Amino acid sequence: MKFLCIECDEAMKLTETRGPDEGSMTVIFGCPSCGRDIAMLTNAMETQMVRALDVKIGGSSVPAEPMAMVKNTLRDQRDNAPMAQAMPAGKPKSGGSKCPFTGMITEAEEAKQSGMQWTEEAEQRLENIPPMVRMMVRKSIEQQAEEKGYTVIDAAVMDEVKGKIGMMYGG
Amino acid sequence: MKTYKDIVGDGGSDMVGQITEQAGRVQQRMATVKHIVAIMSGKGGVGKSSLTVNLAAAMADRGMQVGILDADINGASVARMTGAGGHQMAGGETGIKPATGHHGVKVMSIDLWLDEAGSPVVWDAPTQKDAFTWRGMVEAATLREFISDTEWGELDYLFIDLPPGTDKLPNMVDLLPQLSGTVIVTIPSAVSQFVVGKSIRMATELLQTPVIGLVENMSAYVCEKCGKEEALFPSGHVAKLAETHQVPYLGKIPFDPRIAMAADNARAFVTEHKETPAAKALLNLAERIGDFVS
Ligand SMILES: Nc1ncnc2c1ncn2[C@@H]1O[C@H](COP(=O)(O)OP(=O)(O)OP(=O)(O)O)[C@@H](O)[C@H]1O
Ligand SMILES: [Mg+2]
Ligand SMILES: [Zn+2]
């Protein structure tokens, strides 16, 4: 499946995945040229198909955990089923989840944890930014806030640095 | 407007890349496995698993390194038959260590994962409804993981005990294009032969995967007292079936209740009753397989 921005005649790029939530996943694609976003919403069956293929929407940057599919999908497993060690040359992945998309979500979460605190209001503002560029903006704000010696990002800090990064969204 | 072909990649997930990587893992793991032999039959209950475990024991008895992949997800029996079932699997350095059955045969089976041996295999899914549409995919992914993520190590033989039917064979050939050959099992009943005829055609015509031959199991009853063979079915039909489909006829394995008893006790019949006609037939079959792959 691929997505095309008809207006720009440009292939859309995956920007974010969410879920699965009650079996449904949200996969967001954005057009790199006009910034328009679209979301693909899967039903439980489609989500299951992806899981069965044992691939990660959003791609995988960590090596697969051995027997990941069996471990994550088989019900009524032995309690002491073998603990995963990393595949060769791989680093262990935070496991235990039943979700085929965890790899990607965990990575996103990890990226989020920069040590910088965000107030609820600031987080809220960030939510208004299209997901495509949200991570970029977040990083950029954090970087600049850090340079200025802040440890907490609130609306005021955002206002202060936003001019610099030419933030045209939200706030 | 651009079409599907004009767009390179899939927008960031690289599904094709991920699937290629999976196949690469299989090949990497199989690099230390000399021969892969699948045991199949279109028919259930004809002795596929019994032959698999006894062939494995026969090869191991000759000093070979042997593994068995129990590809029968919904009717797994190899772990139990080889005594590997009670083993606790452990994570190794590059995957999961297989369990060890009699004669040091390495075993990977869904049974080793289940909380209770004998409980049905249920997969977690957002919906169990329409399971028939995705179940096959999950099973295929499981077999792939069993092959690629088990620390088989150096093996002379990896035997694959396939479930009854023919639907898993294409999957196997896909995963393991280097499959050395398949042994097709039948019993000398007309119905079994009819169904098995289809399996042979699937292997030869559709998949063009090497067939080691057709073996006739439970062909006759050998009287324990006098050693006389009594045919259970009219004989000669299976050999003819092999001829019709131009595959080698690998001979008969007589009926011997000790085959079932040994399996129930997780022991290897073939090495414990070497002097019986059934064991001799099994050893002969192992030899034929050895000749075929070398
Ligand atoms: N040569 C034989 N003599 C006596 N009993 C046999 C022989 N071969 C197989 N059996 C018995 O027949 C039964 C079926 O055998 P087995 O489980 O090996 O068949 P299968 O083809 O693997 O079955 P399934 O299709 O269910 O996987 C078992 O009880 C087994 O012990
Ligand atoms: Mg069987
Ligand atoms: Zn566009």
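The structure this text deals with has already been given above.
Structural notes, computed from the coordinates.

Conventions and cut-offs
Residues numbered from 1 in each chain as written. Chains lettered and ligands numbered in written order. Predicted model: local features only at pLDDT ≥ 70, side-chain atom pairs only at ≥ 80, totals over all residues. Heavy atoms only, no water. Helix = DSSP H or I, 4+ residues; strand = E, 2+ residues; numbered from the N terminus. Buried < 20%, exposed > 50% of the residue type's maximum accessible area, 1.4 Å probe, protein only. Contact = heavy atoms within 4.5 Å. Areas by Shrake-Rupley, 256 points an atom, 1.4 Å probe, with all protein chains shown as cover. Near = heavy atom within 4 Å. Polar contact = N/O pair within 3.5 Å; in protein donor to acceptor, adjacent residues only side chain to side chain. Salt bridge = Lys/Arg side-chain N within 4 Å of Asp/Glu carboxyl O. Nonpolar A, V, L, I, M, F, W, Y, C, P; charged D, E, K, R; others polar. Phe/Tyr/Trp six-rings, centres within 6.5 Å; stacked < 30°, edge-to-face > 60°. Lys NZ or Arg CZ within 6 Å of the ring centre and 35° of its normal. Donors = N, O, S within 2.8 Å, 3.2 Å for Na, K, Ca; no water. Tetrahedral: all angles 85-135°; square planar, octahedral: opposite > 155°, others 65-115°.

## Section: the overall build of chain A
Argument step 1. For chain A, the count of helices and strands is 6 helices and 7 strands.
Argument step 2. Secondary structure elements of chain A, listed N to C terminal, follow the sequence β-β-β-β-β-α-α-α-β-α-α-β-α.
Argument step 3. Looking at chain A as a whole, 43% of its 171 residues are labelled buried.
Argument step 4. Sequence-distant contacts in chain A: of pairs separated by 6 or more residues, those separated by 24 or more amount to 50%.
Argument step 5. Accessible surface for chain A amounts to roughly 8,900 Å². Of this, 51% is attributable to carbon and sulfur atoms.

## Side note on the site of ligand 1
Residue and element names in this part refer to chain B.
Argument step 1. In the region of ligand 1, 16 residues are neighbours, and Gly45, Lys48, Ser49, Ser50 and Asp256 sit closest.
Argument step 2. One of the side-chain nitrogen or oxygen atoms of lysine 48 is found 2.8 Å away from an oxygen atom of ligand 1.
Argument step 3. At a separation of 2.9 Å, a nitrogen atom of ligand 1 approaches a polar side-chain atom of asparagine 217.
Argument step 4. Burial of ligand 1 by the protein chains amounts to 77% of its free accessible area of 630 Å².
Argument step 5. Secondary structure elements with two or more residues in the shell around ligand 1: helix H2 (48–61), strand S7 (211–222), strand S9 (249–255) and helix H8 (257–264).

## Observations concerning the interface of chain B and chain A
Argument step 1. Chain B puts 53 residues into the contact, and the matching count from chain A is 52 residues.
Argument step 2. There are 1 salt bridge connecting chain B and chain A.
Argument step 3. The salt bridge partner of Asp124(B) is Arg75(A), with a shortest N-O separation of 3.1 Å.
Argument step 4. Here chain B and chain A share 16 residue pairs in polar contact (both at pLDDT 80 or more) between them.
Argument step 5. Only helix H1 (15–30) and helix H4 (131–148) of chain B provide two or more residues apiece to the side of chain B that touches chain A.
Argument step 6. Sorting elements by how many residues they give to the side of chain B that touches chain A places H4(B) first, with 9 residues.
Argument step 7. Taken together, the residues of the side of chain B that touches chain A sort by class into 23 nonpolar, 18 polar and 12 charged.

## Quick notes on the packing of aromatic side chains
Argument step 1. Under the definition given, this model contains 2 aromatic pairs over all chains.
Argument step 2. Measuring from centroid to centroid gives 4.5 Å for Phe3(A) and Phe29(A), while their planes differ by 45°, and the two rings are tilted. Of this pair, Phe3(A) sits in the segment before strand S1 (4–5) while Phe29(A) sits in strand S4 (residues 24–30), and the two are 26 residues apart along the sequence.
Argument step 3. Centre to centre, the rings of Tyr157(B) and Phe159(B) are 5.7 Å apart; their planes meet at 10°, and the pair counts as stacked. As far as the burial class goes, Tyr157(B) and Phe159(B) line up, both buried.
Argument step 4. Note that Lys2(A) overlies the ring of Tyr4(B), its terminal NZ or CZ placed 3.9 Å from the centroid.

## Examining the coordination of the zinc ion (ligand 3)
Six octahedrally arranged donors around a metal ideally form angles of 90 or 180 degrees; four tetrahedrally arranged donors ideally form angles of 109.5 degrees.
All names here are of chain A.
Argument step 1. Those donors, Cys5 (SG), Cys8 (SG), Cys31 (SG) and Cys34 (SG), are the protein atoms that reach the zinc ion (ligand 3), and they lie 2.2 to 2.4 Å from it.
Argument step 2. Taken together, the 4 donor atoms surrounding the zinc ion (ligand 3) define angles of 106 to 116° at the centre, an arrangement classified as tetrahedral.
Argument step 3. Overall, the relative accessible area of 39% leaves cysteine 34 in the partly exposed class.

## Quick word on the side chain of Glu65(A)
Residues and elements named next belong to chain A.
Argument step 1. Locating glutamate 65 in the fold gives a position in the loop between helix H1 (44–53) and helix H2 (68–73).
Argument step 2. Exposure remark for glutamate 65: the relative accessible area of 13% places this residue in the buried category.
Argument step 3. Here lysine 71 takes part through its side chain, which lies 3.4 Å from a polar atom of the side chain of glutamate 65.

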